[in-house]
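Inside the fold
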Amino acid sequence: MATTHTTAAPRAPLSVPTRPPGRRRKATTGSGRLAALLISPTLLVLTIVVLYPTIVALKDSLFGTPGLDPKTGFVRDTDPFVGAENYTAIFGEAGARFWNAFWNTTFLTVTTVALEAVIGVAMALVMHRAFQGRALVRAGILVPWAVPTAVSGLLWRWIFNSDGIANAVTGQHVLWTTEGFHAKAAVIIADVWKTAPFIGLLVLAGLQVIDKAVYEAAKLDGASALRQFWHITLPLVKPALLVAVLFRTLDALRMFDLPYILIGAQKSSVETLSMLAQDQAANVRFGPAAAYAVILFVYVFLIALAFVRLLGANVVADDDAAPRRGRRRLRLRTGVAA
């Protein structure tokens, strides 16, 4: 019996429809134009509020103060061009006041932000716990942050008065609003009281997103409350805490109204860069005032840049590194490239 073999006809390969490259490019171009249109109002506001004043301040810092012209002996009608003299003057004998203000600004910033971070985390932990009257406690903690800084300065000026509550409680007779380290202490106490709730509020937002199952698993493993805080709570709220510290650091570097109202102007113990620039401008020394403002702007910018790099290293890089660590462990266990 003869058998017949039939060969199936080869199938034609399926053709996948492809988009013309021009259409894809047009879609990308349209998205870019829409994005530029949406952010253009923000860029316009930033140009008016930030870029233009910065350029004007940089230009004004290159001019000196009006005075006698050594060539003619007459008083100048316009500010003389001095170049970088306002910047180089800070490295001479006349720069002692600038460096005092610079170190006051740095010391007050580091001290207040460190204390606010510790107290703010403690406030967040208290507000996060479930107990009766928690809403009232949260409102009471956030009240100081809602008080305007000028009102807060007047309030603490009354507390630190020579016959005020602070001396009555301590039993001492300290002149808090005069020169000395006690003036710094008064500013630190007032600033921490006002702005520690801000850090506590942001850390509380970070605590709200932590899964409770993580703590239940830690309890089953026998972890104490301190170990849970150190190995679970603190690492998980670290991004929110870093953002809060960044905001507070940038705000503290520009500190002006609280020491100005609480202690007073031209007090070397608490004079900051912002206070120094305002004092120079009030005495019609616009060139040095603009130079101090530009230096403060650069100082704040460098601190912000350092924090952004730190935030990127701790938030973004960790997320990218986790899959790499997992793949590395898989290779070590199986010996197969993952």
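Higher on the page you've got the structure.
Residues numbered from 1 in each chain as written. Predicted model: local features only at pLDDT ≥ 70, side-chain atom pairs only at ≥ 80, totals over all residues. Heavy atoms only, no water.

Side note on the layout of surface pockets
In this structure, the largest pocket occupies an estimated 570 Å³ of space. Lining the largest pocket are 17 residues, with L125, H128, R129, Y215 and T233 positioned closest to its centre. At the level of secondary structure, the elements contributing two or more residues to the lining of the largest pocket comprise α3 (96-128), α7 (181-208), α8 (212-220) and α9 (225-253). When grouped by side-chain class, the residues that make up the lining of the largest pocket number 7 nonpolar, 4 polar and 6 charged. (1 Å grid on protein atoms, 1.4 Å probe; cavity = no way out; pocket = protein on both sides within 12 Å on 5 of 7 lines; lining within 4 Å. Points joined across faces, edges and corners; volume = space filled by probe spheres on them. Helix = DSSP H or I, 4+ residues; strand = E, 2+ residues; numbered from the N terminus. Nonpolar A, V, L, I, M, F, W, Y, C, P; charged D, E, K, R; others polar.)

Description of the side chain of E116
Of note, E116 is situated in helix α3. On the accessibility criterion, E116 (0% relative accessible area) is buried. Only 2.7 Å separates the side chain of E116 from the side chain of R248, close enough to count as a polar contact. Beyond its immediate stretch of four places on either side in the chain, E116 contacts D191, V192, T195, A196, I199 and R248. (Buried < 20%, exposed > 50% of the residue type's maximum accessible area, 1.4 Å probe, protein only. Polar contact = N/O pair within 3.5 Å; in protein donor to acceptor, adjacent residues only side chain to side chain. Contact = heavy atoms within 4.5 Å.)

Looking at the packing of helix α4 (residues 134-146) against α7
Following both chains from N to C, one finds α4 and α7 inclined at 130°, their axes separated by 6 Å at the closest point. As far as their axial angle goes, α7 and α4 are oblique. In the crossing of α4 with α7, the sense of the turn from one axis to the other is left-handed. When α4 is examined against α7, the residues R138, I141, L142, P144 and W145 are found in contact with a partner set consisting of W193, K194, P197, F198, L201, L204 and Q208. Within the contact of α4 with α7, the residues separate by chemical class into 9 nonpolar, 1 polar and 2 charged. (Axes fitted to C-alpha atoms, helices over the stretch in contact; angles between N-to-C directions. Parallel < 35°, antiparallel > 145°, perpendicular 65-115°, else oblique. Left-handed = near helix turned anticlockwise from the far one by under 90°.)

A few points about empty space enclosed by the protein
Over the atoms rolls a probe the size of a water molecule, and in doing so it shows where empty space is left. Evaluation of the coordinates by the stated rule reveals 1 cavity of 30 Å³ or more. In this model, the largest cavity occupies a volume close to 30 Å³. Considering every element that reaches the lining of the largest cavity, the biggest residue donor is helix α11 (residues 273-282), with 3 residues.

What about the packing of helix α5 (residues 149-159) against α7?
Their axes nearest at 10 Å, the elements α5 and α7 cross at an angle of 135°. One way to sum up the angle between α5 and α7 is to call them oblique. Seen along the crossing, α5 lies across α7 with a hand that is right-handed. For the pair α5 and α7, contact is made by T149, S152, L155 and W156 and by I189, A190, W193 and K194, respectively. Split by residue class, the contact of α5 with α7 holds 5 nonpolar, 2 polar and 1 charged.

Shape descriptors only; they carry no functional weight alone.
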